[in-house]
Amino acid sequence: MENKVLKIQQLKKEKDAVVLAHYYVPDEVQEIADYIGDSYYLSQLATQVKEKTVVLCGVSFMGESAKLLNPQKTVLMPDAEADCPMAHMCSVEKIEEIRRQYPDVAVVCYVNSTAELKAHSDVCVTSSNALKIVENLPNKNIYFIPDGNLGRFVAAKVTDKNIILNDGYCPIHKQITGEALEAKMKEHPQAEVLVHPECVEEVTKLADYAGSTSGIIQYAKDSDCREFIIGTETGVFHKLLQNDPDKKYYPVMEPQICWDMKKITLDKIIEVLETGKNEICLSEELMNAANKPLEKMLELAK
Ligand code: 13P
Ligand code: SF4
């Protein structure tokens, strides 16, 4: 393990590379990353790093976003198969149909989406800025894709807009049930409940806080409470425990694991740094179209 860490450090220098990781990747990958964060932080950061090559430890939409915001950089994915199923849960045909029905619609696309879906959208959002961006759009009609749960979460708070929902979902967050959460709350009555807005409504309704992975981590850090029930992927436990190892963190149920995120390993990072394989390559036309809603997100989220 130590050898692998040293090897990665040496390769990063040789190749002028930086390693970015999402909180859901395995602990040993978070340990060697130069930066760890939620989707918003990672996309913002991609525009600021100086290195020529970015190794994106996460799923494909994260690598694509880094590439779209940095066309001149080389973006490498440790595992080309690591993908987010929700990213595919809408279609260009559905978007076009809604645009025909509501000519003034703003298509708001969660970053957990393919570059193709982004290319047909007006603005991107992440779980940390969706509410703010939707609230500030001038459009009355909003088509929120692909996540129906995040869309409904936003719609419940932005009541002066007509938010049209799509039926996409995250399989990992969707399996967390209100019933399981209630049972956990009985087991740990003192605990605060922190969940991701990709969870179903019966879960977000019971939460003390619903927000992005960074939001959950920050909330637990700032809170005086000593125990937390966590309704998101358990990769966040690494940072939660680093921040305060004396606090207690319980998952709602087991497993809360995104197996695609867990495909990232130290060996695969070494391999892509050595060979340059799994580079994100998108056509210029797709890059131009999909970059616009992402840039708009960065501008509106400021
Ligand atoms: P965050 O933007 O909160 O990190 O969420 C990303 C994700 O994939 C949640 O399932
Ligand atoms: Fe996609 Fe869900 Fe995995 Fe996040 S946890 S990357 S939304 S499948």
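See above for the structure.
The shown structure was predicted, so the numbers you read here are calculated from the model rather than taken from an experiment.

## Regarding the site of ligand 2
Thinking step 1. In the vicinity of ligand 2, the contacting residues are Tyr24, Val59, Cys84, Pro85, Met86, Asn112, Cys170, Ile172, His173, Glu198, Cys258 and Met261.
Thinking step 2. A per-class count over the shell around ligand 2 returns nine nonpolar, two polar and one charged.

## So, the packing of helix α3 (residues 39-46) against helix α4 (residues 60-69)
Thinking step 1. At a minimum axis separation of 8 Å, α3 and α4 run at an interaxial angle of 30°. By the angle class used here, α3 and α4 are roughly parallel. Two packed elements cross with a definite hand, and for α3 against α4 that hand is right-handed. Contacts between α3 and α4 involve Ser39, Leu42, Ser43 and Ala46 on the former and, on the latter, Phe61, Met62, Ala66 and Leu69.
Thinking step 2. Looking at the contact of α3 with α4, its residues break down into six nonpolar, two polar and no charged.

## Focus on helix α13 (residues 236-243)
Thinking step 1. Those residues of α13 that fall on the buried side of the exposure criterion are Val236, Phe237, His238 and Leu240.
Thinking step 2. If you follow the buried residues of α13, they end up packed against α2 (27-32), α12 (213-222), β11 (227-231) and β12 (248-251).

## Regarding the sheet that holds β12
Backbone-to-backbone hydrogen bonds pair the strands of a sheet. The strands run either parallel or antiparallel.
Thinking step 1. Read across the open sheet, the four strands follow the order β10-β9-β11-β12; overall the sheet is parallel. Two strands in the sheet have a free side with no partner beyond their single neighbour: β10 (209-210) and β12.
Thinking step 2. With two bridges connecting them, strand β9 (residues 192-195) and β10 associate as parallel partners. Looking at the pairing, Val195 lines up with Ala210 of β10.
Thinking step 3. Sheet strands touched by helix α10 (residues 178-187): β9, β11 and β12. Its angle to β11, the strand with the most contacts, is close to 170°.
Thinking step 4. On the sheet, α12 packs against β9, β10, β11 and β12 and is oriented at approximately 160° with respect to β9.

## Topic: the site of ligand 1
Thinking step 1. Taken together, His22, Tyr24, Asp38, Ser39, Asn112, Ser127, His173, His196, Glu198, Ser212 and Thr213 make up all the residues around ligand 1.
Thinking step 2. Within the contact set of ligand 1, an oxygen atom lies 2.8 Å away from a side-chain nitrogen or oxygen of His196.
Thinking step 3. A distance of 2.7 Å is found between an oxygen atom of ligand 1 and a side-chain nitrogen or oxygen belonging to Thr213.
Thinking step 4. Protein chains bury 96% of the 300 Å² of accessible surface belonging to ligand 1 in isolation.
Thinking step 5. Of the residues in the shell around ligand 1, the class split is one nonpolar, eight polar and two charged.

## Quick word on a negative patch on the surface
Thinking step 1. Taken together, the side chains of Glu179, Glu182, Glu201 and Glu202 make up a negatively charged region of the molecular surface.
Thinking step 2. Listed by contribution, the elements that provide at least two residues to the negative patch are α10 and α11 (201-204).
Thinking step 3. The topology assignment puts Glu179 in helix α10.

About the cut-offs
Residues numbered from 1 in each chain as written. Chains lettered and ligands numbered in written order. Predicted model: local features only at pLDDT ≥ 70, side-chain atom pairs only at ≥ 80, totals over all residues. Heavy atoms only, no water. Near = heavy atom within 4 Å. Nonpolar A, V, L, I, M, F, W, Y, C, P; charged D, E, K, R; others polar. Axes fitted to C-alpha atoms, helices over the stretch in contact; angles between N-to-C directions. Helix = DSSP H or I, 4+ residues; strand = E, 2+ residues; numbered from the N terminus. Parallel < 35°, antiparallel > 145°, perpendicular 65-115°, else oblique. Left-handed = near helix turned anticlockwise from the far one by under 90°. Contact = heavy atoms within 4.5 Å. Buried < 20%, exposed > 50% of the residue type's maximum accessible area, 1.4 Å probe, protein only. Pairing = 2+ DSSP bridges. Polar contact = N/O pair within 3.5 Å; in protein donor to acceptor, adjacent residues only side chain to side chain. Areas by Shrake-Rupley, 256 points an atom, 1.4 Å probe, with all protein chains shown as cover. Patch = residues over 30% accessible without salt bridge, like charges linked within 9 Å, V, L, I, M, F, W, Y side chains within 5 Å. Salt bridge = Lys/Arg side-chain N within 4 Å of Asp/Glu carboxyl O. Lys, Arg positive; Asp, Glu negative; His and termini not counted. Charge placed at Lys NZ, Arg CZ, Asp CG, Glu CD.

As far as function goes, none of this settles anything; it's purely spatial.
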